[in-house]
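# Report on the structure
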Amino acid sequence: MPAVHKLLLEEALQDSPQTRSLLSVFEEDAGTLTDYTNQLLQSMQRVFGAQNEMALATEQLSRQLLEYEKQNFALGRGDEEVINTLQHFAKTVEELNALHADLSSQIADRMVFPMVQFREKDLTEISTLKEIFGIATDEHEAAMVKYSRLPKKRENEKVKAEVVREVAFCRRKQHQASMQYYCALNALQYRKRVAMLEPMLGYTQAQINFFKKGMELVSKKMDSFLASVTNMTQSIQAQLDAEAESMRLTQRELLSVEDTVYMPDRDLEPVNRTLIQKAGYLNIRNKTGLVTTAWDRLYFFTQGGNLMCQPRGAVAGGMVLDLDNSSVMAVECEDRRYCFQITSPTGKMSMILQAESKREYEEWICTINNISRQIYLTDNPEAVAIRLNQTAIQAVTPITSFEKRAEGSPNPDRSVTKKSSSPPEPEDLIAPGTPIQFDIGIPASEFLDQNRAGGRRTNPFGETEEESSSSADDSLLQQVFAVRFLGSMAVRSGHTQEVIYEAMRQVLAARAIHNIFKTSESHLMVTSSCIRLIDPQTQVTKISFQLMDVTQFAAHQENSRLMGFVVEGTDWSEGVEEGQPSFSAFIFESNTEGEKICYTINLGKEITEAKKDPEALAQLMKTMPLTNDGKFLLNFSYSNEGSGMFF
């Protein structure tokens, strides 16, 4: 017997677009079968009711039997045996056309009744279960929308418990309805064959029983054929019984699970941070107006380096975003939980998504971070992801305050510089195990100065009146950028751009591994003498650097919003020769292009150098446009001046 297509009951709970797409094929097949069954039944009823036109009725029946081969069944492949059998029946009906007589009772009992029963019982059951499944699906979607709107802060546990119970109830109801619907559709594939063959078998046997004329001739031709048809229908019925029993046991096993399976955010398995593929339902925020937004629940999956989305009923998914070199971080959005944002490398495209549970939320972030590093292009991406995750966990030790490095921290200049034209290894740029600082706090002395009687007044650039008077030289250049501090760490070299790129990679990897996604916005002010990081709310300077100590600065080659610079200091660690230089890399994410910040730093260093020679300063001021108050006008019309090294 040909293979029978089936819907997998194990996939009923997931209710993925792939399952829905396959379900639509079964529904199309059932609709086609219903149309054909009605047509075939009309032909049989005409045979039953038109005794005086028996010859014409049987001729039409013969033609109708031949139409089965022409039906466009969505699951019709593999029915060649049934088609051949029906063709043989059609020929037999045509040969027996002259022998038909008063067969009303036989035809009614053995031909018309089985087909009517098939239509009224089996096909009507399919239609009823389809309506129940649709209602259960709508109730589940409504419950999920209600659950997704639960607030994150000050949430009412009683309300949350009621909503969770409602989601579990609706999900169980949909699961039960879907499995009953799937079982009926699977059984229909067997019943369809029996329903097509059994009436014709009874009809032919009735012809033989009631017409003695030519019995010997007819029986000799038909005995073996009818025996084979009987064996075939019995075999199909046996397969149906076995499949029905298997589906019943599978259904019982799937329904015997704990209620936690139906409850969202009840994941017991640990988070897998080494995934390079991920699929599941997410809520995506869409703008419906200038200030209004709407959330849609769609099925997302990753394919290679792309994020794909597949609406329900669609045969295939479409690409939403290229994840190569993209960035992902957790965000606070409309008082919703488990939200994260994906931003393209250029920063021109971003989207906000909401996961169903904390585990899904963390796995999506880790998966997208792994894909953005193009691990999937390696020969063994799973092994690479596991190795990078283990290496990063061992090598990265996060700290969250500006404390003194622990004794024995790596000395940046202890390694011997390799005189080779090949690119430096990561170990040559940054010592393994170097701690990373993820936050810069406001110095306690600044709070004391602010709270004193007659405390100093700060201007918008974070300076006190005394500092402003002593920083008159900064009046030539003052540019402020909105940035977010990502991290800083000690490095071994301060005169190559590769050390900044490697620091960017390690800082972003450490944030992803340790789930440190939240950052606060600060103001980075660049003057002609220094760089300051200012708290935008208190206008207090968190940290400042002299431009003469900045040895290297660069923007990321692909993600234009990332930039960093290296600052030179002095290592006073025990056991180190006095005055030994040390270097630290500081990494930022800006709201604008990082090249603009690099251009401004470069200009500030040029001004600092030009101040040593009044004529050179005058020449520089002639070549640069100035504002009305005598400051340099920055239009950022640069080409390759955005990154570089100044000695």
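See above for the structure.
Below is a short write-up of the structure. Only a predicted model underlies this, so the values are computations on that prediction, with no experimental measurement involved.

Attention shifts here to the packing of helix α3 (residues 80-95) against helix α5 (residues 157-210). Between α3 and α5, whose axes approach to 11 Å, the crossing angle comes to 25°. It follows that α3 is roughly parallel to α5 by the angle criterion. As for how α3 packs across α5, the hand of that crossing is left-handed. Contacts from V82, T85, L86, F89 and V93 in α3 reach R193, M196, L197, M200, L201, Y203 and T204 in α5.

We now examine helix α7 (residues 358-372). For α7, built from 15 residues, the straight-helix expectation of 21 Å at 1.5 Å per residue is met to within 8% by its first-to-last C-alpha distance of 21 Å. Counting buried positions over the 15 residues of α7 gives 14, a clear majority of the element. One or two steps after α7, the chain reaches Q374, where phi turns positive at roughly 60°.

Our focus in this paragraph is the sheet that holds strand β5 (residues 327-330). The 7 strands lie next to each other as β4-β3-β2-β1-β7-β6-β5, forming an open sheet whose pairing is antiparallel. Only two strands of the sheet have a single partner each, and these edge strands are β4 (318-322) and β5. When the angles between neighbouring strand axes are averaged without regard to direction, this sheet yields 40°. Note that strand β1 (residues 279-287) and strand β7 (residues 350-354) share 2 bridges and pair antiparallel. Paired with I284 across the bridge in β7 is L353.

Here we take up the packing of aromatic side chains. One pass over the full model with this rule turns up 14 aromatic pairs. When the centroid spacing of 6.5 Å and the interplanar angle of 55° are considered together, the rings of F340 and Y361 count as tilted. Of this pair, F340 sits in strand β6 (residues 339-343) while Y361 sits in helix α7, placing them 21 residues apart in sequence. The two residues F340 and Y361 agree in class, both being buried. Considering the side-chain rings of F545 and F565, the 5.6 Å spacing of their centres and the 75° angle between planes classify their relative orientation as edge-to-face. Here F565 lies in strand β15 (residues 562-571) and F545 lies in strand β13 (residues 541-546), a separation of 20 residues in the sequence. Neither F545 nor F565 differs from the other in exposure class; each is buried. Among the aromatic side chains, those forming a connected cluster through ring pairs are F485, F545, F565, F586 and F588. Here the guanidinium or amino end of K192 rests over the ring plane of F73, the centre of that ring lying 4.8 Å away. Over the face of the ring belonging to Y281 we find R297, whose NZ or CZ atom lies 4.4 Å from the ring centre.

In this structure the tally under the stated criterion is 25 salt bridges. A salt bridge links E139 to K173; the nearest nitrogen and oxygen atoms lie 2.9 Å apart. On the criterion of sequence distance, the pair formed by E139 in helix α4 (residues 104-148) and K173 in helix α5 is long-range, its members being 34 residues apart. Among the salt bridges present, the one from E141 reaches R297, with a minimum N-O distance of 3.4 Å. You can see E141 sitting in helix α4 and its partner R297 sitting in strand β2 (residues 293-303), a full 156 residues away along the chain. Taken together, the salt bridges that share partners define one network made up of D15, R20, E141, R171, R297, R312 and E356.

Our next topic: the packing of helix α2 (residues 54-66) against α3. Interaxial distance between α2 and α3 falls to 8 Å at its minimum, and their mutual angle equals 165°. Taken as axis vectors, α2 and α3 run roughly antiparallel relative to one another. Of the two possible hands of crossing, α2 and α3 adopt the one that is left-handed. Each of T58, S62, L65 and L66 in α2 lies in contact with α3, whose residues at this interface are L86, Q87, F89, A90, V93 and E94. Looking at the contact of α2 with α3 residue by residue, the classes come out as 6 nonpolar, 3 polar and 1 charged.

A few words now on the side chain of S326. With respect to the secondary-structure elements, S326 resides in the loop between β4 and β5. A polar atom in the side chain of S326 sits 2.7 Å from the backbone oxygen of L323. Those residues in contact with S326, other than ones at most four positions away along the chain, are I342, T343, S344, P345, I368 and S372.

For Q251, the position within the fold is in helix α6 (residues 215-255). When its relative accessible area of 18% is taken as the criterion, Q251 is described as buried. When the C-alpha atoms of Q251 and L9 are compared, they prove to be 7.2 Å apart, with 242 residues separating the residues in sequence. Beyond its immediate sequence surroundings of up to four residues, Q251 is in contact with L9, M179, Q180 and C183.

Between its terminal C-alpha atoms α5 stretches 76 Å, which fits the 80 Å expected from 54 residues at 1.5 Å a residue. The largest bend in α5 amounts to roughly 35° and is located at Q189.

Reading the values: rules and limits
- Think of each chain on its own: its residues are numbered from 1, step by step along the sequence as written.
- Local features are withheld for residues below a pLDDT of 70 in this predicted model, meaning they are given only at 70 or higher, and side-chain atom pairs are given and counted only at 80 or more; totals for whole chains, interfaces and linings count all residues.
- Remark: hydrogens and water are excluded; side-chain values derive from all non-hydrogen atoms of the structure.
- Angles here are taken between N-to-C directions and fall from 0 to 180 degrees, while the axes themselves are lines fitted to C-alpha atoms, restricted in helices to the stretch in contact.
- Under the scheme used here, helices are H or I runs from DSSP no shorter than 4 residues and strands are E runs no shorter than 2 residues, and both carry numbers assigned from the N terminus.
- Here the angle decides the label: under 35 degrees means roughly parallel, over 145 means roughly antiparallel, 65 to 115 means roughly perpendicular, and every other value means oblique.
- Working rule for handedness: look at the near helix, and if it is turned counterclockwise from the far one by less than a right angle, call the crossing left-handed; if clockwise, right-handed.
- Contact criterion: two residues are considered in contact whenever any of their non-hydrogen atoms come within 4.5 Å of each other.
- Multiplying one less than the number of residues by 1.5 Å gives the expected span of a helix.
- Three labels apply to residues, based on accessible area from a 1.4 Å probe with only protein chains included: buried if under 20% of the type maximum, exposed if over 50%, partly exposed otherwise in between.
- By the convention used here, strands pair only if DSSP detects at least 2 bridges between them.
- We call Phe, Tyr and Trp rings a pair once their centres come within 6.5 Å, taking the six-membered ring for Trp, and we label the pair stacked below 30 degrees between planes, edge-to-face above 60, and tilted otherwise.
- When the NZ atom of lysine or the CZ atom of arginine is within 6 Å of a ring's centre and also within 35 degrees of its normal, the charge is said to sit over that ring.
- For this document, the term salt bridge refers to a Lys or Arg side-chain nitrogen within 4 Å of an Asp or Glu carboxyl oxygen.
- Gly counts as polar in this scheme, as do all residues outside two lists: the nonpolar Ala, Val, Leu, Ile, Met, Phe, Trp, Tyr, Cys and Pro, and the charged Asp, Glu, Lys and Arg.
- Under the rule applied, a polar contact is a pair of N or O atoms within 3.5 Å (in protein, one hydrogen donor and one hydrogen acceptor; residues adjacent in sequence only if both atoms are side-chain atoms).
- Note that the bend at a residue is defined as the angle between axes fitted to the seven residues ending at it and the seven residues starting at it.

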